[in-house]
Amino acid sequence: EIILEGRGLTRRYKTDTGQTLTACRGVDLTLHKGKTLGIVGESGCGKSTLLRMVTQLEQPDEGRLFYFGKDITSLKGEELRKNRRHIQMVFQDSSAAFFPRMKVSEAVSEPLRNFKRLSQREVDRQVSKLLELVELPESFSERYPHSMSGGQRQRLGIARALALNPDVLVCDEATSALDVSVQQRIIQLLAEIQRERKLSMIFVCHDLALVQSMSHQIMVMYLGGVVESLPGNQMWERA
Ligand code: ADP
Ligand code: ADP
């Protein structure tokens, strides 16, 4: 079953010198339910631009985006807000970058409070469950990101992203800032959560071997376009 589909996604920017730069050109993308789509390519090839379109932070200049077969390219207002709940992101060191002054419990409960009417008791219960899911001890509830290790901060970022039970988790260089051993543990955690929740993932990273180890399908981007699209293991054999 196809959960997310992009057809001919194109995005242009004006450069400082007044020229037009095509950051993404005619990108096709297919994400199947419960699978991981890997995206690799050197910096500047258009990965972030593509993700901004897929997560509906920006609309494409050309092309369409479908969610369970429904055209969501031009959603606005409340409809857009509702749909964006289903697609959540984890960034490189999200917690330090986006919610440095929130306690762990606040960072995880904020999306729940913003989107759902829940009693304090129910919020507390869900926060506990999310911390357990990412294997952060309950005692971390009162801590701030700056007092935690890089791996712990990523666990927090993952817990927050999963708070609203999204269908798609987009990981943008989510493990790139971590030591190799910590990176492996976070990858393992993501794989477990994916299995458990039938989560679909887009895993973006500049490390080919890592993307391969995560992905069912890989897209290689170069200068705004997709230059290769391969099953995960095929890429590994080639490399
Ligand atoms: P960054 O600047 O983001 O660190 P790099 O230039 O180091 O990215 O590239 C990351 C990896 O992706 C390298 O191993 C590179 O060989 C690979 N890569 C980038 N573009 C392509 C491509 N078009 N085809 C195959 N491999 C690519
Ligand atoms: P990546 O994530 O693979 O590093 P990006 O999507 O960030 O690539 O960038 C692709 C190209 O688009 C780059 O040449 C970048 O400079 C350009 N670009 C990205 N965002 C903007 C923007 N808001 N305005 C102008 N140019 C942009």
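Residues numbered from 1 in each chain as written. Chains lettered and ligands numbered in written order. Predicted model: local features only at pLDDT ≥ 70, side-chain atom pairs only at ≥ 80, totals over all residues. Heavy atoms only, no water.

Naming follows an unreviewed UniProt entry, where the protein chain appears as Oligopeptide/dipeptide ABC transporter ATP-binding protein of Alkalibaculum bacchi. Taken verbatim from the UniProt record of the protein chain, the Sequence similarities (unreviewed entry) comment is "Belongs to the ABC transporter superfamily." (UniProt positions renumbered as here; feature names shortened; annotations may be inferred.)

Novice: So what's going on with the packing of aromatic side chains? Residues and values would help.
Specialist: Evaluated as defined, the whole model comprises one aromatic pair. In this structure, R143 is placed above the aromatic ring of F140, and the distance from its NZ or CZ to the ring centre is 4.3 Å. (Phe/Tyr/Trp six-rings, centres within 6.5 Å; stacked < 30°, edge-to-face > 60°. Lys NZ or Arg CZ within 6 Å of the ring centre and 35° of its normal.)

Novice: Give a detailed account of the layout of surface pockets, specifying residues and quantitative values.
Specialist: What the largest pocket holds in volume is close to 550 Å³. Looking at the lining of the largest pocket, the elements with two or more residues in it are helix 2 (77-84), strand 6 (87-90), helix 3 (94-98), helix 4 (104-115) and helix 6 (150-162). Approximately 210 Å³ is the volume attributed to the second largest pocket. Lining the second largest pocket we find 14 residues, and of these T30, H32, L37, Q217 and S229 sit closest to its centre. Contributions of two or more residues to the lining of the second largest pocket are made by strand 2 (20-32), strand 3 (36-40), strand 9 (217-222) and strand 10 (225-231). Broken down by element, the residue count for the lining of the second largest pocket peaks at five residues, all from strand 2. Within the lining of the second largest pocket, the residues separate by chemical class into five nonpolar, six polar and three charged. (1 Å grid on protein atoms, 1.4 Å probe; cavity = no way out; pocket = protein on both sides within 12 Å on 5 of 7 lines; lining within 4 Å. Points joined across faces, edges and corners; volume = space filled by probe spheres on them. Helix = DSSP H or I, 4+ residues; strand = E, 2+ residues; numbered from the N terminus. Nonpolar A, V, L, I, M, F, W, Y, C, P; charged D, E, K, R; others polar.)

Novice: Tell me about the site of ligand 1, residues and numbers included.
Specialist: Around ligand 1, the surrounding shell consists of G41, E42, S43, H206, V220, Y222 and V227. S43 places a side-chain nitrogen or oxygen 3.1 Å from an oxygen atom of ligand 1. Expressed as a share of its isolated accessible area of 560 Å², the protein-covered part of ligand 1 is 55%. A breakdown of the residues in the shell around ligand 1 according to their chemical character gives three nonpolar, three polar and one charged. (Near = heavy atom within 4 Å. Polar contact = N/O pair within 3.5 Å; in protein donor to acceptor, adjacent residues only side chain to side chain. Areas by Shrake-Rupley, 256 points an atom, 1.4 Å probe, with all protein chains shown as cover.)

Novice: Please set out the site of ligand 2 residue by residue, giving values where relevant.
Specialist: Near ligand 2 the following residues occur: Y13, L21, A23, E42, S43, G44, C45, G46, K47, S48, T49 and R52. In the environment of ligand 2, an oxygen atom lies 3.2 Å from a nitrogen or oxygen atom belonging to the backbone of C45. Note that an oxygen atom of ligand 2 is positioned 2.6 Å from one of the side-chain N or O atoms of S48. Expressed as a share of its isolated accessible area of 560 Å², the protein-covered part of ligand 2 is 63%. If you list the elements that add at least two residues to the shell around ligand 2, you get strand 2 and helix 1 (47-54). In terms of residue count, helix 1 provides more of the shell around ligand 2 than any other element does, four residues in total. A per-class count over the shell around ligand 2 returns four nonpolar, five polar and three charged.

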